Amino acid sequence: MVLSKTASETDVSIHSTFASRYVRNSLPRFKMPENSVPKEAAFQIINDELMLDGNPRLNLASFVTTWMEPECNKLIMDAINKNYVDMDEYPVTTELQNRCVNMIAHLFNAPLGESEAAVGVGTVGSSEAIMLAGLAFKRKWQNKRKAEGKPYDKPNIVTGANVQVCWEKFARYFEVELKEVKLREGYYVMDPAKAVELVDENTICVAAILGSTLNGEFEDVKLLNDLLVEKNKETGWDTPIHVDAASGGFIAPFLYPELEWDFRLPLVKSINVSGHKYGLVYAGIGWVIWRSKDDLPEELIFHINYLGADQPTFTLNFSKGSSQVIAQYYQLIRLGHEGYKNVMENCHENAMVLKEGLEKTGRFNIVSKDDGVPLVAFSLKDNKRHDEFEISEMLRRYGWIVPAYTMPADAQHITVLRVVIREDFSRTLAERLVLDIQKVVHEFDALPAKLNARLATEKQEQVKNGTVKKTAIETQREITAYWKKYVTERKSNNKTQIC
Ligand SMILES: *Cc1c(COP(=O)(O)O)cnc(C)c1O
């Protein structure tokens, strides 16, 4: 086994070439090695292997923050050894999380008094936040049904087929049926009218998305609210709304303050947002806010006594780091309303530069909207010769990570490429990316077309008749085409894992 000798036995310093200075064998992968290695060697070999990961700054697949100011990086490192759950020992950290909850609740127009504490909690991300919000809806609905003497064993949630995979997790883990409104070509978000049609007496909530993961589009929460108010009046139910504002929650208040999507709408009872997306904090933080105490069933809350005061907690996990909470508070007070607005405006402008650049090539249809999350989703006007997956692959060669994926049911036949614009994606990088996409398209034009379906069938006939033999490259292409089709089908069956 590798690394089995101690440092003194191998005398690591005698080897003169770089790679053998530390270790000359491959690294342990299954069993922990018997002996220790010097810390410098451990650092170097792990660091070297990690060089092969993509560069996070060029990872345009993700909404999650990849850059923060050095001052905040320092706060994060200084708190790296603080367990968030030790509230008695770290009361200030707890206080900072409570301040963040208050600020975000106000940002979402929760009906609160000037100095009234908001109802909400910091989580590891929107996924945990959604599990908690979903549980609150389920419990409230069950309590009501029990009180009415009605069956409460078949709860369901109504969403669009464009929901993020964490909703499917919630449904499966907590035994709630997911009723999805199908999409259609050219319309990639939940249709509020269709959603309200799906609502029945077992619906615990309708989940709307502010910033669809697929194309960044904001769903029409106001229309949903109005239609649902009517339906509730007719039926006597009181089906509520949750807004999954994972990415849009920190965009809409700054770019579209007039847009009514939040607690201004009476049926919106809870909202989640990812602190680590446009909240501008590194991965590991989300928030869920409830409209009022009445919307979070008391039996789900645990009360911790800290410094003689009551600290209610409602989370799935126990221990976690404190750094992300501190970093979120840093961003909120460092940037303020002005700063967030600046960042979001700049992201939006960079998205427009990219979009216009792509339109100028004449080769793409833009699938994203100008006034959603700052991202550009686009598909090829003509993908018969080469498709979006191939463009994605080719862009990797220039260092860019741009995902390609197929849309959910009933728009699976549409494939898109998606570029998320984050704060650290500058104007220069946007222009550079347009140039590189142009280069890729031109390279493709010069390449022979991939297996064309009609030619393939003709050729198969000929091969069967024995008139002609397949070349190796043709066989290879057929195999590739088969696997691509297989992967695409699998992807549209299981929700595409994009974040
Ligand atoms: C990212 C995202 C999620 C999941 O959020 P995490 O913070 O990554 O757990 C859920 N819903 C939507 C709409 C998202 O964009």
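Read on for an overview of the structure. (Residues numbered from 1 in each chain as written. Predicted model: local features only at pLDDT ≥ 70, side-chain atom pairs only at ≥ 80, totals over all residues. Heavy atoms only, no water.)

Further remarks concern the environment of isoleucine 301. With respect to the element layout, isoleucine 301 can be found in the loop between strand E7 (286-290) and strand E8 (302-306). On a C-alpha basis, the gap between isoleucine 301 and proline 312 in space is 6.2 Å, while along the polypeptide they are 11 residues apart. Among residues more than four places away in sequence, those in contact with isoleucine 301 are Leu296, Pro312 and Thr313. (Helix = DSSP H or I, 4+ residues; strand = E, 2+ residues; numbered from the N terminus. Contact = heavy atoms within 4.5 Å.)

If you check helix H11 (residues 323-361), its first and last C-alpha atoms are just 44 Å apart, much less than what 39 residues at 1.5 Å a residue would give, namely 57 Å. Directly after H11, the chain includes glycine 362, whose backbone phi takes a positive value near 75 degrees. (Expected span 1.5 Å × (residues − 1).)

Here we come to the environment of alanine 161. Its place among the elements puts alanine 161 in the loop between strand E2 (156-160) and helix H7 (165-173). Since its relative accessible area comes to 2%, alanine 161 is described here as buried. Considered as a pair, alanine 161 and aspartate 410 are 249 residues apart in the sequence and their alpha carbons are 8.5 Å apart. (Buried < 20%, exposed > 50% of the residue type's maximum accessible area, 1.4 Å probe, protein only.)

Here we take up the sheet that holds strand E10 (residues 364-366). On the basis of which strands lie adjacent, the open sheet formed by four strands has the order E10-E11-E13-E12 and antiparallel pairing. Unpaired on one side and paired on the other, E10 and strand E12 (404-406) mark the two borders of the sheet. Geometrically, the sheet is characterised by an average inter-axis angle of 35 degrees between neighbouring strands, direction not taken into account. With three bridges connecting them, E12 and strand E13 (residues 415-420) associate as antiparallel partners. Its bridge partner lying in E13, threonine 406 is registered against threonine 415. Lying over the sheet, H11 contacts E10, strand E11 (375-380) and E13, oriented at roughly 15 degrees with respect to E11. (Pairing = 2+ DSSP bridges. Axes fitted to C-alpha atoms, helices over the stretch in contact; angles between N-to-C directions.)

It is the contact of helix H4 (residues 70-78) with H11, at a shortest axis distance of 8 Å, that shows an interaxial angle of 150 degrees. As summarised for this structure, H4 and H11 are arranged roughly antiparallel, according to the angle between their axes. Considering the relative orientation of H4 and H11, their crossing is right-handed. Within the contact between the two elements, H4 uses Glu71, Cys72, Leu75 and Ile76 and H11 uses Ser323, Ile326, Ala327 and Tyr330. Classifying every residue of the contact of H4 with H11 by side-chain character gives six nonpolar, one polar and one charged. (Parallel < 35°, antiparallel > 145°, perpendicular 65-115°, else oblique. Left-handed = near helix turned anticlockwise from the far one by under 90°. Nonpolar A, V, L, I, M, F, W, Y, C, P; charged D, E, K, R; others polar.)

The end-to-end C-alpha separation of helix H13 (residues 427-446) is 29 Å, in line with the 28 Å expected for 20 residues at 1.5 Å each. Along H13, the residues that are buried comprise Ala430, Leu433, Val434, Asp436, Ile437, Val440, Val441 and Phe444. Buried residues along H13 sit in contact with H11, E10, E11, helix H12 (388-396) and E13.

This part covers unusual backbone geometry. Note the cis peptide between alanine 409 and aspartate 410, where omega equals -10 degrees. Take aspartate 410: it is sitting in the loop between E12 and E13. With a phi angle near 60 degrees, asparagine 109 is a residue other than glycine that sits in the positive phi range. With respect to the helices and strands, the residue asparagine 109 is situated in the loop between helix H5 (91-107) and strand E1 (119-123). Judged by relative accessible area, asparagine 109 falls into the partly exposed class, the value being 32%. Even without a glycine there, the phi angle at glutamate 175 is positive, about 55 degrees. Among the secondary structure elements, glutamate 175 is positioned in the loop between H7 and strand E3 (177-181). Under the relative-accessibility criterion, glutamate 175 is labelled exposed at 65%.

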